[in-house]
Amino acid sequence: MSRRNVPLERLATLQPGAQGLSTAQVETQRTYGFNDIVAPAASGWLVVARDTARDPMLWFLVLTAGLFGLLGQVAESLTLLVAMVPLLGMDAYLHRRTSASSAGLASRLASSARVLRDGQWRDIPSRELVTGDMVEVTPGEYFPADGLLVSGTGLQVDESTLTGESLPVAKRALESSAALPASASEEFWGTAGTRLLTGTAQLRILFIGGETRYGEIVRSATEGNHAATPLQKAIGELVAVLLGVAIMVCIVLAAVRLWQGHGWIDALLSAVTLAVAALPEEYPVVYTFFLGVGVFRLARKKALVRRAVAVENIGRVSCIVSDKTGTITAGSLALAHRTPAAGLNEDSVLQVAALAARPDSGDPLDQALHGAAGPLPHATRLADFPFTEGRRRETVVWRWADGKARAFTKGAPETVLATSELSELERAGWLARVEEYARSGHKVIGCARRDMPADAPADREPGGGFEFAGLLVFEDPVRDGVREAVDDCTAAGMRVIMVTGDHPATAVAIAREIGLGGAQPRVIVLAPEDDAAAALRAHGDVHVVARATPPQKLALVQALQSEGELVAVTGDGVNDVPALRLADIGVAMGERGTRSAREVAPVVLLDDNFRTIVDAVAEGRQLFQNLRLAFAYLLLVHLPLVIGAAVIPLMGLPLLFLPIHIVWLELVIHPTAMLAFQDLPLAGPLAPVRRHRRARFFSPGAWVAIVVVGGLVSVAVVWSYLHALGADRNVEHARAMALTVLLVSSAGITAGLTKLRQAAARWLVVGTLASLGVLVQVPGISGFLNLRPLHGTDGALMLVVFAVVAAISSGLASRLRLRLD
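Moving on, we get to the sheet that holds strand β14 (residues 334–340). Taken in spatial order, the six strands of this open sheet run β14-β19-β18-β17-β16-β15, and their pairing is antiparallel. Bordering the open sheet on either side are β14 and β15 (380–385), each of which pairs with just one other strand. When strand polarity is set aside, the average angle formed by the axes of neighbouring strands in this sheet is 20 degrees. Relative to strand β17 (residues 405–411), strand β16 (residues 393–399) runs antiparallel, the two being bridged by seven bridges. Looking across to β17, one finds that threonine 395 is bridged to threonine 409. Across the sheet, helix α13 (residues 364–373) is in contact with β14, β16, β17, β18 (443–452) and β19 (467–475); its angle to β19 comes to roughly 105 degrees.

In structure tokens, the structure reads:
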């Protein structure tokens, strides 16, 4: 058992055997500061504005909107400004969430403490505690700081906020409080943020504020800032490159048109048209829109996204580090087996155990017993002898309606068997059964009863003479669907590592039940002083990490990330906050998780189920793939648009696209990119992931394919313009031909990438083609647009273009879906 050092040097002014501090001693001890475990978070609109001003995406939107405004494209400028609203709202929300996180951390701390000062017990604010104070904690209260237990019997503590485990932890007081030891094991410590369940404890305060274990966790949770995510950086780099190229080409085009003698107006018009066509404002808008869609779709999967950018990473997760209790299992004790002694039935042994349990103890085991047993016979409780670590059993004496008194006891099987009248052979047989259940990861208790003599003292627990009633076996059942979810992860090449503070036998039994690691899961059993990262490297592909402490869980996440894994971590307690914050995707439990864990994690599971994590990963992968398809569409359409708008004027020919044509094209491109791809279903099971930390839109092969396809469409657009222009210089017909080729290609790209599996994609393709029929083929409208209706042979050519582009784009879509980068 791990030990914690005691800062004896801070207690030099404390007299041996002293109970509380005097006023003078308090002032001396104040040099170590106040018991401020959670510092207040900064607030105010100036802080929000300062944090928002650091977001490069917002500055890009502002500058791009301003440029569109200067170019006279008011609609485009307003679109970008409207797109800023959710980003601004997100920054404000994140600031509020940080403040709420601090409040959540503070909610697990005692606001006041009962302390012995100048020989009198008094209630003071907990922040005024100092090292050396003596405090009293009653059942249901939180410990206000870290210290040694110097008084109390039958102490049980809920440490789930620090360990994540649901079972209460037995504690005991020092045998002598006159002289404190240099170090003490965990069973003698009471820590801030944990709650006393049974008994009344007196605690000598030794660590306050940030030096408490809770304070160390708080410091880890509140340090740092929200940097740009990898995908945001990738989008910023892509936009910067495209913007730089667009500006350079615009300048070159304007200079060439002037050199060709077309005049300032033509040069300006050429540059402005190219600028409107080339400026990549769609990318951040589509990205923001897809994040919003992802938040909604994950919510339908019972995964609440508290930070929208988490949507981009959850689909690329390659490793899930999951708690056992409450995520893989239900997080509650359930009665699994009843093994009655000879002459008793299953209901009888359960009733014996329930009569030895206290319904108001706060112990999950007692609650499970009373829940399973139902109403008990009417009797009067005469005496209670609570569970202690030394006795390892609990006894209750009852007086029945006939006036007779009976004692009922339950506890560790070997202890209860020792108090029962059994032969050595019988006792050995029962112990063998206990060992068999323990190896399968169950919690086993024994129970017994006896009649009490009329003259038996009421204040003395009977030490023997019990009739053994049998064994009760409890388990924390595995949640439905977890085994199938683990199978899905294995098929997709995702690692699943179960981390628990439980006994290795329990962890291995659960791992086998869910199929994690097959029949022989690989297990690391950590001692408190072990280096988790070194253990992971030494054992390779590990499935279970048992006896892990919170710092070791954090080190495990760091080691996995250093190996290139994109790590999702589940957690529910304050102890999990540093790991949740460090992870690429922190996943908190919504039903039983602490407020601190929920506030710091970007994703909260509404049902606390491991199956939901895997469903969310699948949904995230689908969304990430759909976002890549949308970006591929934008590149494939913008490449011929920009090349056509630049090459034709550079050749000294009349402009291919006029500003009104660009508006028409953008009215097609924008809704297609935002609506045609956002609801595409995932094609097949989860695909294997590639393990690299940097987010990429496309693989090198996909980039080559995009350039080739976009280049072919560009050649088709330019060739169609030159072919239709002819010797008679029919500019209106040439423009109509090139625009039609581009829009038909846009429809073909949409059909190929989406395979027309969704109604939105089908309607957008039909709408694009229908716009050609109206705006090009109706003479009055086409004349207004400086176009001329196409010939019959041109229509046949368009059918060929649509079919060829759709087929090529379908192949590209398959390449994009093949592996998740």
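Now that the structure has been shown, we can carry on.
On to the packing of helix α22 (residues 610–650) against helix α25 (residues 731–754), then. Between α22 and α25, the least distance of the axes is 10 Å, while the angle of their chain directions is 160 degrees. Comparing the axis directions of α22 and α25 gives the class roughly antiparallel. Of the two elements, α22 crosses α25, and the hand of that crossing is right-handed. Contacts between α22 and α25 pair Leu629, Ala632, Tyr633, Leu636, Val637, Pro640 and Leu641 from the former with Leu742, Ser746, Ile749, Thr750 and Leu753 from the latter. The residue inventory of the contact of α22 with α25, partitioned by class, reads 10 nonpolar, two polar and no charged.

Attention now goes to the sheet that holds strand β10 (residues 195–198). With antiparallel pairing, the three strands of this open sheet are ordered in space as β7-β6-β10. In the strand order of this sheet, the two ends are held by β7 (169–171) and β10, each with one partner. With direction set aside, neighbouring strand axes in the sheet form an average angle of 40 degrees. Direction of pairing for strand β6 (residues 155–158) relative to β10: antiparallel, over a ladder of three bridges. By the bridge assignment, valine 157 is partnered in β10 with leucine 196.

Further remarks concern a nonpolar patch on the surface. Residues Val704, Val708, Leu712, Val800, Val804 and Ile808 make up a contiguous nonpolar surface patch of roughly 500 Å² in combined accessible area. Turning to its location among the elements, leucine 712 is positioned in helix α24 (residues 700–725).

A separate point is unusual backbone geometry. Note: most residues except glycine have negative phi, and most peptide bonds are trans. A positive phi is found at aspartate 118, a non-glycine position, where the angle reads about 55 degrees. Secondary-structure assignment places aspartate 118 in the loop between β2 (112–117) and β3 (120–125). You will see that lysine 755, though not glycine, has its phi angle at about 55 degrees, which is positive. Of note, lysine 755 is situated in the loop between α25 and α26 (759–775).

Taken N-terminus to C-terminus, the directions of helix α16 (residues 482–491) and helix α17 (residues 504–514) make an angle of 75 degrees; their axes are 8 Å apart at the nearest point. Here α17 runs roughly perpendicular to α16, going by the angle between their axes. Where α16 approaches α17, its residues Val482, Arg483 and Val486 are matched on the opposing element by Arg512, Glu513 and Ile514.

Let's shift gears to the side chain of lysine 171. Note on placement: lysine 171 falls in strand β7. By relative accessible area, which is 7% here, lysine 171 ends up buried. There is a polar contact of 2.8 Å between the side chain of lysine 171 and the backbone oxygen of glutamate 186. With near-sequence residues (within four places) excluded, lysine 171 lies in contact with Leu149, Leu155, Val157, Glu159, Glu186, Glu187 and Trp189.

Now for the pattern of salt bridges. Think of it this way: side chains of opposite charge can pair up when their charged atoms draw near. Summed over the entire model, instances satisfying the criterion amount to 23 salt bridges. We note a salt bridge from arginine 611 to aspartate 488, for which the minimum N-O separation is 3.0 Å. Linking arginine 611 in helix α22 with aspartate 488 in helix α16, this pair joins segments that are 123 residues apart in sequence. A relative accessible area of 33% places aspartate 488 in the partly exposed class.

For the structure shown, the criterion picks out four aromatic pairs. Here the aromatic rings of tryptophan 430 and phenylalanine 468 are separated by 4.9 Å at their centres, their planes lie at 65 degrees, and the arrangement is edge-to-face. Remark: phenylalanine 468 occurs in strand β19 and tryptophan 430 occurs in helix α15 (residues 424–439); sequence separation between them is 38 residues. Geometrically, the ring pair formed by tyrosine 633 and phenylalanine 677 is tilted, given 5.7 Å between the ring centres and 45 degrees between the ring planes. Separated by 44 residues along the polypeptide, tyrosine 633 in helix α22 and phenylalanine 677 in the loop between α23 (659–675) and α24 bring together distant segments of the chain. For the pair shown, tyrosine 633 and phenylalanine 677 are each scored as buried. Above the face of the phenylalanine 34 ring, arginine 127 is positioned so that its terminal group lies 4.3 Å from the ring centre.

Take the nonpolar core next. Counting 104 residues, the largest nonpolar core has Phe610, Tyr633 and Leu753 as the members making the most contacts within it. Per element, the largest residue contribution to this core is 19 residues, and it comes from α22. Apart from residues lying up to four places away in sequence, phenylalanine 610 is in contact with Ile320, Ser322, Thr327, Ile328, Val482, Ala485, Val486 and Val496. Of all hydrophobic cores here, the second largest spans 29 residues; its members include Cys319, Ala533, Leu556 and Ala579.

Once that is clear, we can look at the environment of valine 804. Counting through the fold element by element, valine 804 comes out in helix α28 (residues 792–818). Along the primary structure valine 804 and glycine 748 are separated by 56 residues, whereas in three dimensions their C-alpha atoms are 7.9 Å apart.

Parameters and conventions
- Residues numbered from 1 in each chain as written.
- Predicted model: local features only at pLDDT ≥ 70, side-chain atom pairs only at ≥ 80, totals over all residues.
- Heavy atoms only, no water.
- Pairing = 2+ DSSP bridges.
- Helix = DSSP H or I, 4+ residues; strand = E, 2+ residues; numbered from the N terminus.
- Axes fitted to C-alpha atoms, helices over the stretch in contact; angles between N-to-C directions.
- Contact = heavy atoms within 4.5 Å.
- Parallel < 35°, antiparallel > 145°, perpendicular 65-115°, else oblique.
- Left-handed = near helix turned anticlockwise from the far one by under 90°.
- Nonpolar A, V, L, I, M, F, W, Y, C, P; charged D, E, K, R; others polar.
- Patch = residues over 30% accessible without salt bridge, like charges linked within 9 Å, V, L, I, M, F, W, Y side chains within 5 Å.
- Areas by Shrake-Rupley, 256 points an atom, 1.4 Å probe, with all protein chains shown as cover.
- Salt bridge = Lys/Arg side-chain N within 4 Å of Asp/Glu carboxyl O.
- Buried < 20%, exposed > 50% of the residue type's maximum accessible area, 1.4 Å probe, protein only.
- Polar contact = N/O pair within 3.5 Å; in protein donor to acceptor, adjacent residues only side chain to side chain.
- Phe/Tyr/Trp six-rings, centres within 6.5 Å; stacked < 30°, edge-to-face > 60°.
- Lys NZ or Arg CZ within 6 Å of the ring centre and 35° of its normal.
- Core = buried A, V, L, I, M, F, W, Y, C linked by side-chain atoms within 4.5 Å.

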